[in-house]
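Observations on the three-dimensional arrangement
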Amino acid sequence: METEDAVYVARQVRATRNASLIHSTAMVTLYNKIANQSLERLAALSDGVFAFALTLLVLDLHLPEAGKIHSEGELWHALVLLTPSIVMYLMSFLTLGIFWNGQQTQMNYLARCDRDLTWMYIAFLFAVTLTPFSTKLLAAFIGYRTALLAYWLNILLLGAVLYSCWRYANRSGLIKEDTPREIRRAIRRRVVIAQSMYAFGALLCVISTRWSIAFIFVVQLYYAIAPRKLQVRRA
């Protein structure tokens, strides 16, 4: 009888543990389904991170030391020495502006969000926070291919994660149902074409890093200005 009672008790304990495990798993699954569904909070977080990154860019522009400037010519010379930093500031400002627009465009067509997509966008914001570092690195070592490639890898990471976000949202049914197929394709195509042009620009560092920088800068100007020109022509 004691053996049968012990077996019975053991079975009851195992059953209780299994029930608790199932309950805990169900609770976790339920939480994952209801977590991070606010597009407004995600947009607010994104705006804050972009604003902070843009501010950090301008903080890397340092004034010439007043004690070393004694004439107009010396001031002009000091400003000329700041040219790499100014060029990289303009490039990175355009870069962040382009990717902010890209993210906001995606979010405008989202019906809702989920936990996985939220974390993917947070990974995108991680790449955003790296931009001031890669910018400063290239400004300090503008003639080095390693610095140029580090800057390009930053842009590649931004584009790859943003593309993955849109692809996941499309596959998971998070996009508004009335969104035309042409718009879904256009958003994907824009990222792919832009990243292809950035990659070509990075390859130009084989010739010169300055060729790469010039090409990437032209690409950024195109994406920042061309849509406005098209709108004027259509009007």
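Just so it is clear, the model here is predicted, and its values are computed rather than measured.

1. Some thoughts on the overall build of the chain
The helix and strand inventory of the chain stands at 8 helices and 0 strands. Taken from the N to the C terminus, the helices and strands of the chain come in the order α-α-α-α-α-α-α-α. The 235 residues of the chain split such that 32% are buried. Restricting to contacts in the chain with at least 6 residues of sequence separation, those with at least 24 account for 77%. Roughly 15100 Å² of accessible area belongs to the chain as shown, and the carbon and sulfur atoms make up 64% of that amount.

2. Section: the packing of aromatic side chains
Two descriptors summarise a pair of aromatic rings, namely the distance from one centre to the other and the angle between the planes of the rings. Counted by the stated rule, this structure contains 6 aromatic pairs. Linked through ring pairs, Phe 50, Phe 99 and Phe 124 together constitute an aromatic cluster.

3. Focus on the packing of helix α5 (residues 115-140) against helix α6 (residues 145-171)
Where α5 meets α6, the axes come as close as 9 Å, and the angle between the chain directions of the two elements is 165°. Of the possible angle classes, the one that applies to α5 and α6 is roughly antiparallel. By crossing handedness, the relation of α5 to α6 is classed as left-handed. When the residues that make up the contact of α5 with α6 are grouped by side-chain class, the tally is 21 nonpolar, 5 polar and 1 charged.

4. Re the pattern of salt bridges
Counted under the stated rule, the structure contains 1 salt bridge. Taking the shortest distance from any N to any O, the salt bridge between Arg 115 and Asp 116 comes out at 4.0 Å.

5. Notes on the nonpolar core
In this structure, Leu 110, Leu 117, Tyr 121, Phe 124, Val 128 and Tyr 198 are the most contacted members of the largest nonpolar core, which totals 48 residues. In terms of residues, this core owes the most to one element, α6, which gives 12 residues. In this view, Leu 117 contacts Leu 110, Cys 165, Tyr 168, Ala 169 and Leu 174; residues no more than four positions away in its chain are not counted.

6. Points about helix α7 (residues 181-203)
Given a rise of 1.5 Å per residue, 23 residues ought to cover 33 Å, and the 33 Å separating the end C-alpha atoms of α7 matches this to within 8%. Among the residues of α7, Arg 184, Ile 187, Val 191, Ala 194, Gln 195, Tyr 198, Gly 201 and Ala 202 are the ones counted as buried.

7. What to know about the packing of helix α2 (residues 39-59) against helix α4 (residues 83-108)
The interhelical angle for the contact between α2 and α4, taken along N-to-C directions, is 175°, at an axis separation of 10 Å. What the angle tells us is that α2 and α4 run roughly antiparallel. Contact residues: Leu 39, Leu 42, Ala 43, Ser 46, Asp 47, Phe 50, Ala 53, Leu 54, Leu 57 and Val 58 in α2; Tyr 89, Ser 92, Phe 93, Leu 96, Phe 99, Trp 100, Gln 103, Gln 104 and Met 107 in α4. Here the contact of α2 with α4 is composed, by residue class, of 14 nonpolar, 4 polar and 1 charged.

8. Observations concerning the side chain of Asn 154
With respect to the helices and strands, the residue Asn 154 is situated in helix α6. Discounting residues that sit within four places of it in the chain, Asn 154 has contacts with Ala 127, Leu 130, Thr 131 and Ser 134.

9. Regarding a nonpolar patch on the surface
On the surface, a nonpolar cluster with roughly 380 Å² of combined accessible area is contributed by Val 58, Leu 59, Leu 61, Ile 86 and Leu 90. Of all the elements in the fold, those that place two or more residues in the nonpolar patch are α2 and α4. Checked against the element boundaries, Leu 90 lands in helix α4. By relative accessible area, which is 42% here, Leu 90 ends up partly exposed.

10. Looking at the confidence of the model for the chain
Put simply, the chain has an average pLDDT of 81, and 78% of its residues get 70 or more. Under a pLDDT of 50 for its full length, residues 21-28 has, in the predicted model, 0 contacts with residues more than four places off or in other chains. Residue range residues 229-235 is modelled with pLDDT below 50. Its contacts to residues more than four positions away, or to other chains, number 0 contacts.

Definitions and limits used
Residues numbered from 1 in each chain as written. Predicted model: local features only at pLDDT ≥ 70, side-chain atom pairs only at ≥ 80, totals over all residues. Heavy atoms only, no water. Helix = DSSP H or I, 4+ residues; strand = E, 2+ residues; numbered from the N terminus. Buried < 20%, exposed > 50% of the residue type's maximum accessible area, 1.4 Å probe, protein only. Contact = heavy atoms within 4.5 Å. Areas by Shrake-Rupley, 256 points an atom, 1.4 Å probe, with all protein chains shown as cover. Phe/Tyr/Trp six-rings, centres within 6.5 Å; stacked < 30°, edge-to-face > 60°. Axes fitted to C-alpha atoms, helices over the stretch in contact; angles between N-to-C directions. Parallel < 35°, antiparallel > 145°, perpendicular 65-115°, else oblique. Left-handed = near helix turned anticlockwise from the far one by under 90°. Nonpolar A, V, L, I, M, F, W, Y, C, P; charged D, E, K, R; others polar. Salt bridge = Lys/Arg side-chain N within 4 Å of Asp/Glu carboxyl O. Core = buried A, V, L, I, M, F, W, Y, C linked by side-chain atoms within 4.5 Å. Expected span 1.5 Å × (residues − 1). Patch = residues over 30% accessible without salt bridge, like charges linked within 9 Å, V, L, I, M, F, W, Y side chains within 5 Å. pLDDT = per-residue confidence, 0-100.

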